[in-house]
Amino acid sequence: MATVTGSVSRGRACVLAAAALTGGILVLTPAWSGQAAQTTVSPYPSASAGTNGRVSAVISTGGRVFLGGSFTTVSRQPRGHVAAVSTTSGAVTSWRVDTNGPVHALTTDGKTLYLGGSFSSVAGHARANLAAVRVSDGALLPWNPGTNRSVLALTTRSGRIFVGGQFGTIAGRSVRFFAVLGTSGGVIAAPGLNAKVESMRLSSDGSTLYIGGMFTTIAGSSHPHLAALSTSTAQPRTWRPTLGCGVDGVAVSGSNVYAACRGDQSSGDRVVAFSTSSASPRWIGQADGDVQAIGVVGGNVYVGGHFQRLKGVSRAHAAALDSSGRLLGWAPRFNSSLGIWSMRAVAGYLWVGGDFTTVNGASHPHLTRFALT
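Residues numbered from 1 in each chain as written. Predicted model: local features only at pLDDT ≥ 70, side-chain atom pairs only at ≥ 80, totals over all residues. Heavy atoms only, no water.

Colleague: Explanation requested: the overall build of the chain in the structure shown.
Modeller: Assigned secondary structure in the chain consists of zero helices and 39 strands. Buried positions account for 60% of the 373 residues belonging to the chain. Accessible surface, the chain: about 13000 Å² in total, of which carbon and sulfur atoms supply 49%. (Helix = DSSP H or I, 4+ residues; strand = E, 2+ residues; numbered from the N terminus. Buried < 20%, exposed > 50% of the residue type's maximum accessible area, 1.4 Å probe, protein only. Areas by Shrake-Rupley, 256 points an atom, 1.4 Å probe, with all protein chains shown as cover.)

What follows is the structure, encoded as structure tokens:
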């Protein structure tokens, strides 16, 4: 499984292929069915736990939804920057492991939950920005590579943990901004980047890892802000899009790669769709503020950030577009200046985390979810 700050994944067994918008509800139809069986994404939030600070990462495994962020309480119960909530009720569970600083990224193989962030201890034991805990009960595990600066993105596949961030050393080695680690904590590969990695997403077959951030070179070759790496060698593939804005979020669906960008209103603040084969841009959705979270549900692209307009249309930090870049009518209203930092569709809901405290005028502090029915 994989997590990145700000990505949307589908936690159901079905593959969704067709979509239409009716009365503000996104309608998704399973690919194998010509019948009327449909899934809808509500524009109205459902009840869930709230936190006292930003939610930066959301992932689900083992019947729970795990949160990472800068919070210290969840529904007024002490939880140090990581917590688990019920997939059904949305309420905080008894599962607990505390860090002494923010958790920016989560990933899991189903048994182990890996934490990345800006912390120096977990459950009272020294851990420098990276840690592993048991999914079942939160017990801290021996895995302890450590970095000298923040970890911002994590993904795992086939016993490898892909780590991105601001660091210059990891597991005692001089490695800049990106590394592949083993389950023992040692460095397997490190291609060498010139600036930080902030997001990553695996291809559907797991053979390619798409990474985004502020970097412009990998292994000495030009790869501005977005690149595709082989998961077996960690070397960059020939796919090389041209992008002039820092990438906060990456999503992959079918033959498209989507990037959530920040910068200024002329060169950044946009969502961009690229072809996975030619790396050519397919469309651009211009925003008036940073696009920070992105993902795909049923072929439609969900984005969140601190924008107030997307493609010239009013959207209060959240929006949806179809695969051709057409703006859809899904438009819940989030408050706060920085808005949304994470989005993930799991366990029958689209979960959204960030700096907001209200949605559609009602109290939803830093976390909310939208029903898929």
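Still more ground to cover, so stick around.
Colleague: Explain the pairing of strand 19 (residues 178-182) to me, please; I cannot follow it from the model alone.
Modeller: Within a regular beta strand, the side chains point alternately toward one face of the sheet and then the other, so they alternate between its two faces. Burial analysis of strand 19 places five of its five residues in the buried class, which makes it a mostly covered element. As paired elements, strand 16 (residues 160-165) and strand 19 share five bridges and run antiparallel to each other. Counterpart to Arg-160 in the pairing with strand 19 is Gly-182. In this structure, the hairpin formed by strand 19 and strand 20 (residues 187-189) is closed by a connection of four residues, where Gly-185 is found at a positive phi of approximately 100°. (Pairing = 2+ DSSP bridges.)

Colleague: Just to check I follow, could you spell out the confidence of the model for the chain for this structure?
Modeller: Low-pLDDT portions of the prediction should not be read for the details of their coordinates. Looking at the chain as a whole, the pLDDT averages 89, with 88% of positions reaching at least 70. Across residues 1-39, where pLDDT falls below 50, the model places 130 contacts with residues more than four positions away in sequence or in other chains. (pLDDT = per-residue confidence, 0-100. Contact = heavy atoms within 4.5 Å.)

Colleague: What exactly am I supposed to notice about the side chain of Ser-150 here?
Modeller: In this fold, Ser-150 is placed in the loop between strand 14 (130-134) and strand 15 (151-157). Polar contacts involving the side chain of Ser-150 include one to the side chain of Ser-118, which spans 2.5 Å. The contacts of Ser-150, once residues within four sequence positions are left out, are His-104, Gly-117, Ser-118, Asn-129, Gly-165, Gln-166 and Phe-167. (Polar contact = N/O pair within 3.5 Å; in protein donor to acceptor, adjacent residues only side chain to side chain.)

Colleague: Explanation requested: the sheet that holds strand 10 (residues 103-108) in the structure shown.
Modeller: The strands that make up a sheet are held in pairs by hydrogen bonds between backbone atoms, and each pair lies either parallel or antiparallel. Read across the sheet, three strands follow the order 10-11-14 without closing on themselves; strand pairing throughout is antiparallel. Both edges of this open sheet fall to strand 10 and strand 14, since each of them pairs with a single strand only. Between one strand axis and the next, the sheet turns through 25° on average, direction left out of account. Judged from the five bridges that link them, strand 11 (residues 112-117) and strand 14 form a sheet pairing that is antiparallel. Paired with Tyr-114 across the bridge in strand 14 is Ala-132. (Axes fitted to C-alpha atoms, helices over the stretch in contact; angles between N-to-C directions.)

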